[in-house]
Amino acid sequence: MNLLFLKRPWTLFLAATAGIVFYSSAAVAAEKVVLKYSAIRVTLPVSELEIFAQTGKMSPGLEMLLSQAKKDPEAIRRSLTRPVKVSQRFVNETLNSKLGEIILDEVGQVIRTPSVQANREALREALVLSATNDNEITLLEAMKNYPAAEVDVEGDRLVEAYGKLVALSEQFGGVAERLQDILNKIRVPRL
């Protein structure tokens, strides 16, 4: 049986490629969030941000950060967990267009890689992955799905980033749905 497997190199290649893809997508996800408010900077495990978003319980570092930045914890929780309804297909198509690049660059000023290199690609991947299972995106999901061990977040602009995602969904999602409805109603005669 092993000899048969080795006689077909393409089978070995496909198996190796599948293993790499599944391993790399599962292994590369943000583990830490560097949350910045003006000159204040705190590095938190993503799990602490998740606990805060789900329960309201703050770690000492997060509590100190929000207190010194004079930010309302409930407003931050809402921004992290409020879903933006948008289909994965729409997100993928839109973010792979010129308009999508502009949106990614704007949101990328708030949520980005520490080095700011390949930021557009990383953010696109995080947003598409976030919409994949439930056709919704939350900022917390985007942070968790970020394909880097660490993600930098400009806390002062977190609510603004949520607003940009909502605008994307409302303005362009509604147009895409209306266009699809119109196309579905048009009947092309068969030749």
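Up top you'll find the structure we're talking about.
Residues numbered from 1 in each chain as written. Predicted model: local features only at pLDDT ≥ 70, side-chain atom pairs only at ≥ 80, totals over all residues. Heavy atoms only, no water.

Participant: If you had to explain the overall build of the chain to someone new, which residues and values would you point to?
Facilitator: Regarding its fold elements, the chain presents 10 helices and 6 strands. Residues classed as buried in the chain amount to 36% of the 191 residues present. Of all intrachain contacts in the chain linking residues separated by at least 6 positions in sequence, the fraction that spans at least 24 positions is 63%. Within the structure as shown, the chain displays about 11,800 Å² of accessible surface, and the carbon and sulfur contribution to it stands at 58%. (Helix = DSSP H or I, 4+ residues; strand = E, 2+ residues; numbered from the N terminus. Buried < 20%, exposed > 50% of the residue type's maximum accessible area, 1.4 Å probe, protein only. Contact = heavy atoms within 4.5 Å. Areas by Shrake-Rupley, 256 points an atom, 1.4 Å probe, with all protein chains shown as cover.)

Participant: With reference to specific residues and values, describe empty space enclosed by the protein.
Facilitator: All chains considered together, the criterion is met by 1 cavity of 30 Å³ or more. In this structure, the largest cavity encloses a volume near 40 Å³. What lines the largest cavity is simply L35, L49, L62, I76, L80, M143 and L158. (1 Å grid on protein atoms, 1.4 Å probe; cavity = no way out; pocket = protein on both sides within 12 Å on 5 of 7 lines; lining within 4 Å. Points joined across faces, edges and corners; volume = space filled by probe spheres on them.)

Participant: Quick one: what's the story with the pattern of salt bridges, residue by residue and with numbers?
Facilitator: Once the charged atoms of two side chains with opposite charge are near each other, the side chains can pair. Inspection of every chain in the model, using the stated rule, returns 10 salt bridges. E136 is paired through a salt bridge with K85; the nearest N and O atoms lie 2.3 Å apart. Taken as a pair, E136 in strand β5 (residues 136-137) and K85 in strand β3 (residues 84-85) lie far apart in primary sequence, 51 residues in all. Given the relative accessible area of 18%, E136 is considered buried. Residues K98 and E101 are paired through a salt bridge, measuring 4.0 Å at the closest nitrogen-oxygen approach. Of this pair, K98 and E101 both sit in helix α7 (residues 98-107), 3 residues apart, which is roughly one turn of the helix. (Salt bridge = Lys/Arg side-chain N within 4 Å of Asp/Glu carboxyl O.)

Participant: Before we move on, can you summarise the nonpolar core with the specific residues and values?
Facilitator: Core analysis: the largest hydrophobic core is formed by 41 residues, its most contacted members being L80, M143 and Y146. With 6 residues, helix α8 (residues 119-132) is the single largest residue contributor to this core. (Core = buried A, V, L, I, M, F, W, Y, C linked by side-chain atoms within 4.5 Å.)

Participant: Break down the environment of S59 for me, citing the residues and quoting the values.
Facilitator: Along the chain, the position of S59 falls in the loop between α3 (46-55) and α4 (60-68). Judged by its relative accessible area of 13%, S59 is buried. Along the chain, S59 and E48 lie 11 residues apart, while their C-alpha atoms are 6.6 Å from each other. Contact partners of S59, with chain neighbours within four places excluded, come to L44 and E48.

Participant: Residues and numbers for the pairing of strand β2 (residues 40-45), please.
Facilitator: With 6 bridges joining them, strand β1 (residues 32-37) and β2 adopt antiparallel strand pairing. Bridge pairing in β2 links K32 to P45. (Pairing = 2+ DSSP bridges.)

Participant: Kindly report on the sheet that holds β2, identifying the contributing residues and their values.
Facilitator: The strand order β2-β1-β6-β4 describes an open sheet built from 4 strands, whose pairing is mixed. Two strands close off the open sheet at either side, each with one partner strand: β2 and β4 (111-112). Judged from the 2 bridges that link them, β4 and strand β6 (residues 150-154) form a sheet pairing that is antiparallel. Within the sheet, the bridge partner assigned to I111 lies in β6 and is V153.

Participant: Describe the packing of α7 against α8, naming the residues involved and giving the relevant values.
Facilitator: Relative to each other, α7 and α8 sit at 95°, their axes nearing to 9 Å. Between α7 and α8, the angle is such that the two are roughly perpendicular. Of α8, the residues touching α7 (which contributes E101, L104, D105 and V107) are R120, L123, R124 and L127. Considering only residue class, the contact of α7 with α8 consists of 4 nonpolar, no polar and 4 charged. (Axes fitted to C-alpha atoms, helices over the stretch in contact; angles between N-to-C directions. Parallel < 35°, antiparallel > 145°, perpendicular 65-115°, else oblique. Nonpolar A, V, L, I, M, F, W, Y, C, P; charged D, E, K, R; others polar.)

Participant: Would you mind going over unusual backbone geometry in detail, with residue names and values included?
Facilitator: Of note, the phi angle at S38 is positive, near 50°, even though the residue is not glycine. For S38, the position within the fold is in the loop between β1 and β2. Positioned with a positive phi, N135 is a non-glycine residue whose angle comes to about 55°. Structurally, N135 can be placed in the loop between α8 and β5.

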